[in-house]
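# An overview of the molecular structure
As a plain string of letters, each chain reads:
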Amino acid sequence: MVNTQFGAGTYESGAALAPSRWLVLLLGVIAVIFGVLFFIYPVQTLTLLVTLLGFYWLFNGIVALIGLFTDRTGRGWKLLVGILGILAGILVLTYPLYSAILVPTVFALIIGVEGLIIGAVYMAQGFSGPGWGTGILGILSIIFGLVLIANPLVAAVGLVLLLAGLAIVGGITAIVVSFRLPG
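Residues numbered from 1 in each chain as written. Predicted model: local features only at pLDDT ≥ 70, side-chain atom pairs only at ≥ 80, totals over all residues. Heavy atoms only, no water.

This next bit is on the side chain of Thr 47. Summarising the element assignment, Thr 47 is placed in helix 3 (residues 42–70). The residues contacting Thr 47, other than those within four sequence positions of it, are Pro 96, Leu 97 and Ala 100. (Helix = DSSP H or I, 4+ residues; strand = E, 2+ residues; numbered from the N terminus. Contact = heavy atoms within 4.5 Å.)

This is the structure:
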């Protein structure tokens, strides 16, 4: 089906939907800047990003509550998302430094628990048939999960440094790709 009102589905719209060179370049430069800032000022940069996350959660909670009046489906979930979003946004904006420490720490704990669960599944699979490789991968995953759970704050700092490295590599890649795009 072709949407003739907005040009979706026509050959002419393909060029308009392709990312422009300057936009990819801009996103690459921003990613490199954030990556470098994460390495130089990890706490301050993380506080800035968590504050932006707090504004997002607050705004998303308000929009979810407004959505209760316009769309009656899923009222319970919208109410829950709205209230939790507003509460989380207010808490993050009220205590940005604590949130900058707490949010990555919670992520590290979640990844650690996930590592334990995945490790247990792989170990069970390794002992039941697929081979030693799956069992060894399960053991390594359990060890990784235990390390993350035992030291969530250290893991959070490692997560920030990992994100910094990924931002720099991804930003440089986007900059290089932007010069290869047409236009």
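The structure having been displayed, the exposition proceeds.
This next bit is on a nonpolar patch on the surface. A cluster of nonpolar side chains, Val 29, Ile 33, Val 36, Leu 37, Phe 39, Ile 40, Tyr 41, Val 157 and Leu 161, forms an exposed patch at the surface whose accessible area comes to about 750 Å². Residue assignment for the nonpolar patch shows that the elements contributing at least two residues are helix 2 (21–40) and helix 7 (152–180). Secondary-structure assignment places Leu 37 in helix 2. (Patch = residues over 30% accessible without salt bridge, like charges linked within 9 Å, V, L, I, M, F, W, Y side chains within 5 Å. Areas by Shrake-Rupley, 256 points an atom, 1.4 Å probe, with all protein chains shown as cover. Salt bridge = Lys/Arg side-chain N within 4 Å of Asp/Glu carboxyl O.)

Relative to each other, helix 5 (residues 96–128) and helix 7 sit at 100°, their axes nearing to 8 Å. In terms of orientation, helix 5 and helix 7 fall into the roughly perpendicular class. On helix 7, the residues touching Ile 101, Pro 104, Thr 105, Phe 107, Ala 108 and Leu 109 of helix 5 are Pro 152, Leu 153, Ala 155, Ala 156 and Leu 159. In the contact of helix 5 with helix 7, the residues fall into 10 nonpolar, 1 polar and no charged. (Axes fitted to C-alpha atoms, helices over the stretch in contact; angles between N-to-C directions. Parallel < 35°, antiparallel > 145°, perpendicular 65-115°, else oblique. Nonpolar A, V, L, I, M, F, W, Y, C, P; charged D, E, K, R; others polar.)

Moving on: helix 4 (residues 75–94). The terminal C-alpha atoms of helix 4 lie 28 Å apart, and with 20 residues this matches the ideal 28 Å at 1.5 Å per residue to within 8%. Along helix 4, the residues classified as buried are Gly 82, Gly 85, Ile 86, Gly 89 and Val 92. Around the axis of helix 4, the buried residues are gathered within 140° of arc, so they sit on the same side. What points out from helix 4, more than 90 degrees from its buried face, is the exposed set Gly 76 and Leu 91. Residues of helix 4 that are buried make contact with helix 3 and helix 5. (Expected span 1.5 Å × (residues − 1). Buried < 20%, exposed > 50% of the residue type's maximum accessible area, 1.4 Å probe, protein only. Arc of directions from axis to C-beta.)

Attention now moves to helix 6 (residues 132–150). With 19 residues, helix 6 ought to run about 27 Å at 1.5 Å a step, and its terminal C-alpha atoms sit 27 Å apart, in line with that. Of the positions making up helix 6, those classed as buried are Gly 135, Gly 138, Ser 141, Gly 145 and Leu 148. Down the axis, helix 6 shows its buried residues gathered within 145° of arc, on one side only. Exposed and facing more than 90 degrees away from the buried side of helix 6 are Trp 132, Gly 133, Leu 140 and Ala 150.

Here we take up the pattern of salt bridges. What the rule picks out here adds up to 1 salt bridge. Of the charged contacts, one joins Lys 78 and Asp 71 as a salt bridge, the two residues approaching to 3.1 Å between their closest N and O atoms. Judged by its relative accessible area of 35%, Asp 71 falls in the partly exposed class.

A few words on the packing of aromatic side chains. Inspection of every chain in the model, using the stated rule, returns 1 aromatic pair. Aromatic pair Tyr 95 and Tyr 98: ring centres 6.1 Å apart, planes at 50°, arrangement tilted. (Phe/Tyr/Trp six-rings, centres within 6.5 Å; stacked < 30°, edge-to-face > 60°.)

Now for the nonpolar core. Counting 8 residues, the largest nonpolar core is built from Phe 38, Leu 46, Val 50, Val 92, Ala 100, Val 103, Val 160 and Ala 164. Taken together, the elements giving at least two residues each to this core come down to helix 3, helix 5 and helix 7. Among residues more than four places away in sequence, those in contact with Phe 38 are Thr 45, Leu 46, Leu 49, Val 160 and Ala 164. (Core = buried A, V, L, I, M, F, W, Y, C linked by side-chain atoms within 4.5 Å.)

It is worth stressing that arrangement in space is one thing and function is another; only the former is reported here.
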